[in-house]
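Topology and contacts: notes
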Amino acid sequence: MPSPKKGKSPSRARSRSKSKSSRVTRSRSRSVGRKTKPEKEVKEVKSQQSVVRQSRRRSASKSPSRTIKETVVTKTVVTTSQDQAGSTPMRSSARIASLIEKEREASSRLLEQMKSEMLTNIKTPPREISEGDDDKKAKKVSYEFMGPIGAFAMLFLLPATLYYINLACRKGKCSVFEVPKLPSKLVTAFFEVEATGIFFAWVAFQAFLAVLPIGKVVEGQTLKSGGRLKYRCNGFFSLVVSLAVLLAAVYMKCPVTKILDKFYKLMTAATLFSFTLSICLYIKSRFVSEKKLAPGGNTGNVIYDLFIGRELNPRVGPLDLKFFCELRPGLIGWVILCWLMVIKAYQTTGTFPPNLVLVTAFQTLYVADALWFEEAILTTMDIIHDGFGFMLSFGDLAWVPFLYCLQPRFLLETSFTLPWYCLAPIALLNLAGYAVFRLANSQKNNFRKNPKDPSLAGLEAIPTQTGKKLLVGGWWGICRKPNYLGDLMMAFSWSLTTGFGHLFPYFYPLYFLILLIHRERRDNEQCKKKYGASWDRYCERVKYRIFPYIY
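Read on for an overview of the structure. (Residues numbered from 1 in each chain as written. Predicted model: local features only at pLDDT ≥ 70, side-chain atom pairs only at ≥ 80, totals over all residues. Heavy atoms only, no water.)

Side note on the overall build of the protein chain
Helix and strand content of the protein chain: 22 helices and 8 strands. Residues classed as buried in the protein chain amount to 45% of the 551 residues present. Within the protein chain, residue pairs in contact and separated by at least 24 positions form 76% of the contacts whose partners lie at least 6 positions apart. If you sum the accessible surface of the protein chain, you get close to 29,900 Å²; carbon and sulfur atoms cover 63% of it. (Helix = DSSP H or I, 4+ residues; strand = E, 2+ residues; numbered from the N terminus. Buried < 20%, exposed > 50% of the residue type's maximum accessible area, 1.4 Å probe, protein only. Contact = heavy atoms within 4.5 Å. Areas by Shrake-Rupley, 256 points an atom, 1.4 Å probe, with all protein chains shown as cover.)

So, the packing of aromatic side chains
The description of an aromatic ring pair uses the distance of the two centres, along with the angle that the planes make with each other. Applying the stated criterion across every chain yields a total of 34 aromatic pairs. Considering the side-chain rings of W399 and F507, the 6.3 Å spacing of their centres and the 55° angle between planes classify their relative orientation as tilted. With W399 in helix α17 (residues 390-403) and F507 in helix α21 (residues 507-531), this pair connects stretches of sequence that are 108 residues apart. Relative accessible area serves as the criterion here: at 21%, F507 is assigned to the partly exposed category. Chaining the aromatic ring pairs together yields one cluster made of F275, F307, F390, F394, W399, F507 and Y511. In this structure, R315 is placed above the aromatic ring of Y231, and the distance from its NZ or CZ to the ring centre is 4.9 Å. (Phe/Tyr/Trp six-rings, centres within 6.5 Å; stacked < 30°, edge-to-face > 60°. Lys NZ or Arg CZ within 6 Å of the ring centre and 35° of its normal.)

Focus: α17
The terminal C-alpha atoms of α17, which comprises 14 residues, lie only 17 Å apart, well short of the 20 Å expected from a rise of 1.5 Å per residue. Considering bend angle alone, the principal kink of α17 is centred on D396 and spans about 40°. (Expected span 1.5 Å × (residues − 1). Bend = angle between axes of the 7 residues up to and from the residue.)

As structure tokens, this is what we get:
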């Protein structure tokens, strides 16, 4: 039943009926001509009122259908008796006739109200209100990365790890157990205005290429507001232009390898820029609407939201900052640093070390693939779910370019080489990993764009309540993340080019393994909330997460 607070409550209706009844009795007792027939009519009126009251009391405990029937019967009885009273006007006083008419109108209104309430209850069944309803309405805060404490720790641990690994793996030494010695002059060793200017010039150059009207414009996923953002996809064009500029500089005999001499200073500039950018983005997010905030970065804790990222898709004019930083300055800068190491090795030795060239070619292929299929990143967790804060800005601008080049840097510093018969199987492993990575991603992207694509004929899919389907055939029937499997195969092949004498060059595949397992777990939780029972059926069909028959 609806809440008693809404509309006219039955209790109030009863109180009005009682007051009218008492007035009838008092006025009737003061009537001049007391006759037997009018007293009988008054009793009939009281009887009619009693019937109406009883029917209203019983309506709270009876089913709608039964109450409607009884109400109709009551209305019939009241109308008949009142018609009888009104059929003898010569024997009734004018006041009695008026009161009978008012009672008839009140009964009619009451019946209509009861019918309306019962029909409302049929459409919207009553819900029991518990004491915890207010708590359920309150916003639930869900933390990742060990919450605010973990986020605060990683603000310092991530930059410290980046510096420690690069300092420990230096010329002639690359040991985990030997703590690197810090330079006596920290400021001059790790910071320089010229290096900072070079870094900002690089970011500005990539931003200029990103906004050029070259390349197709694609739409992203549907936002909470219902709209879809547009993205200019010309990342591969930016990579080609950047490599062409590097080649032209080498041809013109510019001292491009001096950039490697400023390696740590450039790394400091990237780190400081990441901190500054994340703070500015957090301040900016305080002035945007609720619909533009990220699901996980809007907890109310300043440190945690600063780390995760509060705004989902921050933009400056036509430039989407998260989309830009994910693929442009960091990834292309990583490739440029690797080829600078190849150029420096040639300037030093007069030859191109085969394993250095091979691992640089592997990583260039990896970045070129990401930029050629740039629009595929629009369906990833980073773009759809995560806000743009310190986690992504530092990872994109500092961690990726200055840590992912660790294998080429190790080979440059140590001049380590491998014979061709060792490099050949490493190359095959990398190509196999790339094939798994690319074929799995292409199959997924084609299925998302057009599930009826002829290339997907015969592949089984599980329908969900959202209207989308979960692919359980092809590569995605082997394990839940076959693209992660290919990614790890490539990462391991890169480190194999450095041999087995040192552990630090294997930091990337080990770290990447932990990262992808964590990402798979996060994605699993998101999909479970989104698809419910359909996701459970999918997990029953595809039991292995990344490694078939292992994990």
